[in-house]
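# Structural features, examined
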Amino acid sequence: MQFGLTDEQQMIVSTVRSFVEKEIYPYEAEVERTGEVPEELGQEIKRKTIELGFYACNFPEEVGGAGLSHLDFTLVERELGRGSMALTHFFGRPQNILMACKDEQRDRYLLPAVRGERMDALAMTEPDAGSDVRGMKCQAVRDGGDWVINGSKHFISGAEHADFFIVFVATGVDETPKGPKKRITSFLVDRGTPGFEVREGYRSVSHRGYKNCILYFDNCRLPDAQVLGAVDGGFDVMNEWLYATRLTVAAFSVGRARRCFDYALAYSAERKQFGQAIGKFQGVSFQVADMITEIDAADWLTLSAAWRLDQDLPSNREIASAKLYATEMLARVTDTTLQIYGGMGLMDDFPIERFWRDARVERIWDGTSEIQRHIISRDLLRPLGA
Amino acid sequence: MKVLVPVKRVIDYNVKVRVKSDGSGVDLANVKMSMNPFDEIAVEEAIRLKEAGTADEVIAVSIGVKQAQETLRTALAMGADRAILVVAADDVHQDIEPLAVAKILAKVVEEEGAGLVLAGKQAIDNDMNATGQMLSALLGWSQATFASDLKIEGEHAVVTREVDGGLQTIKVKMPAIVTVDLRLNEPRYASLPNIMKAKKKPLDEKTAADYGIDVSPRLEVVKTSEPETRQAGEIVPDVDTLVAKLKEKGII
Ligand SMILES: Cc1cc2nc3c(=O)[nH]c(=O)nc-3n(C[C@H](O)[C@H](O)[C@H](O)COP(=O)(O)OP(=O)(O)OC[C@H]3O[C@@H](n4cnc5c(N)ncnc54)[C@H](O)[C@@H]3O)c2cc1C
């Protein structure tokens, strides 16, 4: 067993860390204040990321990516987690699922996405189908040789910058002993396709400037060439590629928690009340001790899940544990840090209130904490027949 | 032309420095170490000279503990062609003094046939600001210190220096030692492909003994102490109060 980073991993970490400190931190307050990322700024971050060879570094070399291992990529995500998500979005990491592109889909979607020429977004969730993905109502029916889609999707992140969308749609129902079960197919949908519209979404308390949109399909006609993976094989592509997204949420949470902790530690040593540093009071110092313990635990849980993926070991439960623990840890760390800051923690002069707000969504998206607990417990209990 | 760039492994500039309890120096156990920021600027300048076709090869050299290998890998990932590590200490707390460093560098320069040495003006750990100058004396080469601009024009280097009160431009004969200042350039990030390539670039490991140089210290640190903590400030309601206060304290 070996816990150290290699020289290369160390350099990846320090390069991404400096990038975030120099190219992201200085613009965060402005994004937070306006809720917008200025177009030129986003493009500038993207240009620099491409220049550094980090754009789409999660993709294999044969399609133009950097071919990073899951572990290396998790380290990248962890460092990016320190920065504003609205801005690090332009440090592009297209959806892995694009590897399912076939034939000319590769030239139209996969390769331009890896080169940073076209941005993607992924749409599963609907107003009436969140955790219960299969309950989706958005559907496609056959019409001649084409598909005609109707319905809507909401909470779609990054949609305002996306040139195309990976959309999961119901394409039929199977009768099973447990009742009807929907068949799902994923489609590649270009912005501007007739019958498809992207509308402004809700305003979220977390990650200002990283917007979510609502997608509407009104008799949107798509040829077979737009099917990603196999017809009715939506869950297969989802299972083959989407597991890794949850790991990125865990990595984000660890990176963000470390940045937040640095504030907590410094303030505990600097802030004086009753004639001494507040860190001298056990009530505060024990909180500091608990925070770093939990952060380290989440870090190792996350890195070891990534390592398992690289070893081709079963990792579904381990990824779910990392996502669950890291996001809940982040909630506690941001909340405790705010408490250590007292009233100043709530004021937007410091980034603490923002870390605290941002943390809230991590327990919800990419599978709520309850869904992660469901995955973990099913993995253990199903083989026992319970 | 070969360009030699000495790089030093120092305490990271972001780390809050702590003095060891016995006052013998700064605590370096388990703290983040990085390349001296001025050396990073020197590496960047050397790579730019290579990109411009003025230099053929960039060689990074570090003298110190074995861990300085990481610092050299960073130089390689930025774009240096190869690296030489001269192991001269086992203990991270042992600083190799400028004269010993300069003597070893002089040997490396001769061995490599370098035509230019680009060094940081000083290392941020002990601010000696001496190695470049000593090296120039040992080699009998020209020196141009505190460079904020550098141009190689045939047999000469034209260097703009940051001096008290302004800028001074001098022309020195090559070969030369140029020590670089903060505003010379902005060092690049190591790109991901270069990080991956760095491992495959040659890194030779030598010892001080290989060059026949005695690195035992000649200087004695008598005491190291924390800077005095700043006194708390006072917020005044308006300019009049400020002026009154300053007068009261006899400042104006
Ligand atoms: C800001 C934001 C951005 C998003 N971006 C995207 C995106 O880009 N693409 C996309 O497709 N989706 C996206 N989502 C959707 C996100 O993945 C869902 O919000 C999430 O899966 C939960 O669904 P829901 O909000 O409908 O909650 P629900 O599923 O309605 O859950 C409500 C509550 O019930 C609990 N619950 C549900 N089922 C169970 C169960 N079986 N056992 C125990 N408890 C249960 C949940 O844990 C939760 O506490 C985004 C969401 C947000 C908030």
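Residues numbered from 1 in each chain as written. Chains lettered and ligands numbered in written order. Predicted model: local features only at pLDDT ≥ 70, side-chain atom pairs only at ≥ 80, totals over all residues.

An unreviewed UniProt entry annotates chain B as Electron transfer flavoprotein subunit beta of Antarcticimicrobium luteum. Database annotation for chain B, UniProt heading Subunit (unreviewed entry): "Heterodimer of an alpha and a beta subunit." (UniProt positions renumbered as here; feature names shortened; annotations may be inferred.)

Going by an unreviewed UniProt entry, chain A carries the name Acyl-CoA dehydrogenase and comes from Antarcticimicrobium luteum. Here chain A is described in UniProt, under the heading Sequence similarities (unreviewed entry), as follows: "Belongs to the acyl-CoA dehydrogenase family." Per UniProt, the comment on chain A under Cofactor (unreviewed entry) is "FAD".

## Brief notes about the overall build of chain A
Within chain A one finds 11 helices and 10 strands. Here the C-alpha radius of gyration of chain A, 22 Å, is about what a compact globule of 386 residues would show, namely 21 Å. Taken over 386 residues, chain A has a buried fraction of 45%. Summarising the internal contacts of chain A: among those between residues at least 6 apart in sequence, 72% fall at separations of at least 24. (Helix = DSSP H or I, 4+ residues; strand = E, 2+ residues; numbered from the N terminus. Rg over C-alpha atoms; globule rule 2.2 N^0.38 Å. Buried ≥ 20, exposed ≤ 12 C-beta atoms within 10 Å, placed from the backbone. Contact = placed C-beta atoms within 7 Å.)

## Quick notes on the nonpolar core
By size, the foremost hydrophobic cluster in this structure holds 175 residues, and its most contacted members are V5, A60, A75 and V178 of chain B. Considering every element that reaches this core, the biggest residue donor is helix α9 (residues 316-341) of chain A, with 12 residues. Look past the residues within four positions of A75 of chain B in its chain and what remains in contact with it is V5, V7, M35, V43, A60, A80 and A83 of chain B. (Core = buried A, V, L, I, M, F, W, Y, C linked by C-beta atoms within 7 Å.)

## Here we look at the site of the ligand
Residues and elements named next belong to chain A. Around the ligand sit 20 residues in total, of which M124, G130, S131, T368 and E370 are the nearest. Taken together, the elements giving at least two residues each to the shell around the ligand come down to β1 (120-123), β3 (146-157) and α11 (369-381). Each of two domains, domain 2 (120-236) and domain 3 (242-384), supplies a minimum of three residues to the shell around the ligand. (Near = placed C-beta within 6 Å. Domains from an automatic or database assignment.)

## What about the confidence of the model for chain B?
Looking at chain B, the pLDDT average stands at 94 and 100% of residues meet or exceed 70. Complex prediction metrics read pTM 0.91 and ipTM 0.87. (pLDDT = per-residue confidence, 0-100.)

## Section: the interface of chain A and chain B
Contact residues are listed per partner, giving 13 residues for chain A and 12 residues for chain B. Its residues assigned to classes, the side of chain A that touches chain B shows seven nonpolar, four polar and two charged. (Nonpolar A, V, L, I, M, F, W, Y, C, P; charged D, E, K, R; others polar.)

## Considering the sheet that holds strand β5 (residues 82-87) of chain B
All names here are of chain B. Ordered in space as β9-β8-β7-β10-β6-β1-β4-β5-β11, the nine strands form an open sheet in which the pairing is mixed. A strand with exactly one partner marks an edge of an open sheet, and here the two such strands are β9 (166-173) and β11 (203-207). On average, each strand axis in the sheet is tilted by 35 degrees relative to the strand beside it, whichever way the strands run. Of the pairings in the sheet, the one linking β5 to β11 comprises five bridges and is parallel in character. Paired with V87 across the two strands is T207, which belongs to β11. Sitting on the sheet, helix α4 (residues 131-139) is in contact with β6 (116-120), β7 (142-153) and β10 (176-180), with an inclination near 80 degrees to β7. (Pairing = 2+ DSSP bridges. Axes fitted to C-alpha atoms, helices over the stretch in contact; angles between N-to-C directions.)

## Digging into helix α1 (residues 37-51) of chain B
Because each turn of an α-helix spans 3.6 residues, side chains separated by three or four positions in sequence point in the same direction. All names here are of chain B. For α1, which comprises 15 residues, the first-to-last C-alpha distance of 21 Å matches the rise-based estimate of 21 Å (1.5 Å per residue) to within 8%. Most of α1 is tucked away, with 11 of its 15 residues classed as buried. Along α1, the residues that are buried comprise F38, D39, E40, I41, A42, V43, E44, E45, A46, I47 and L49. One or two residues past the end of α1 sits G53, with phi positive at roughly 85 degrees. (Expected span 1.5 Å × (residues − 1).)

## Structural notes on the UniProt feature "domain: Electron transfer flavoprotein alpha/beta-subunit N-terminal" (unreviewed entry) in chain B
Here the UniProt feature "domain: Electron transfer flavoprotein alpha/beta-subunit N-terminal" (unreviewed entry) sits at residues 23-215 of chain B. Secondary structure content for residues 23-215 of chain B is 30% helix and 31% strand, while the C-alpha to C-alpha distance between its ends is 23 Å.

## Points about the UniProt feature "domain: Acyl-CoA oxidase/dehydrogenase middle" (unreviewed entry) in chain A
Under the UniProt annotation, "domain: Acyl-CoA oxidase/dehydrogenase middle" (unreviewed entry) lies at residues 121-220 of chain A. Span residues 121-220 of chain A is 0% helix and 59% strand, its end C-alpha atoms 18 Å apart.

## Side note on the pairing of β5 of chain B
All names here are of chain B. Taken together, the six bridges between strand β4 (residues 57-64) and β5 define a ladder with parallel strand orientation. If you follow G64 over to β5, its bridge partner there is V87. Handedness of the crossover joining β4 and β5 through helix α2 (residues 68-78): right-handed. (Right-handed = clockwise from strand over helix to strand, strands pointing away.)

## A short note on the domain arrangement of chain A
Along its sequence, chain A is organised into domain 1 (7-93), domain 2 (120-236) and domain 3 (242-384). Computed over C-alpha atoms only, the centres of domain 2 of chain A and domain 3 of chain A are separated by 31 Å.

## Quick look at the environment of G53 of chain A
Relative to the helices and strands, G53 of chain A resides in the loop between α2 (39-51) and α3 (70-80). Residue G53 of chain A is classed as partly exposed on the basis of its C-beta count, with 19 C-beta atoms lying within 10 Å. Taking C-alpha positions, G53 of chain A is 38 Å from A289 of chain A, a pair spaced 236 residues apart along the chain. Setting aside chain neighbours within four positions, we find G53 of chain A in contact with A66 of chain A together with S191, L192 and P193 of chain B.

## Overview of α3 of chain A
Residues and elements named next belong to chain A. Burial analysis of α3 places 11 of its 11 residues in the buried class, the great majority of the element. Listed in full, the buried residues belonging to α3 are H70, L71, D72, F73, T74, L75, V76, E77, R78, E79 and L80. Next to the buried residues of α3 lie α1 (7-34), α4 (85-88), α7 (243-270) and α8 (282-310).

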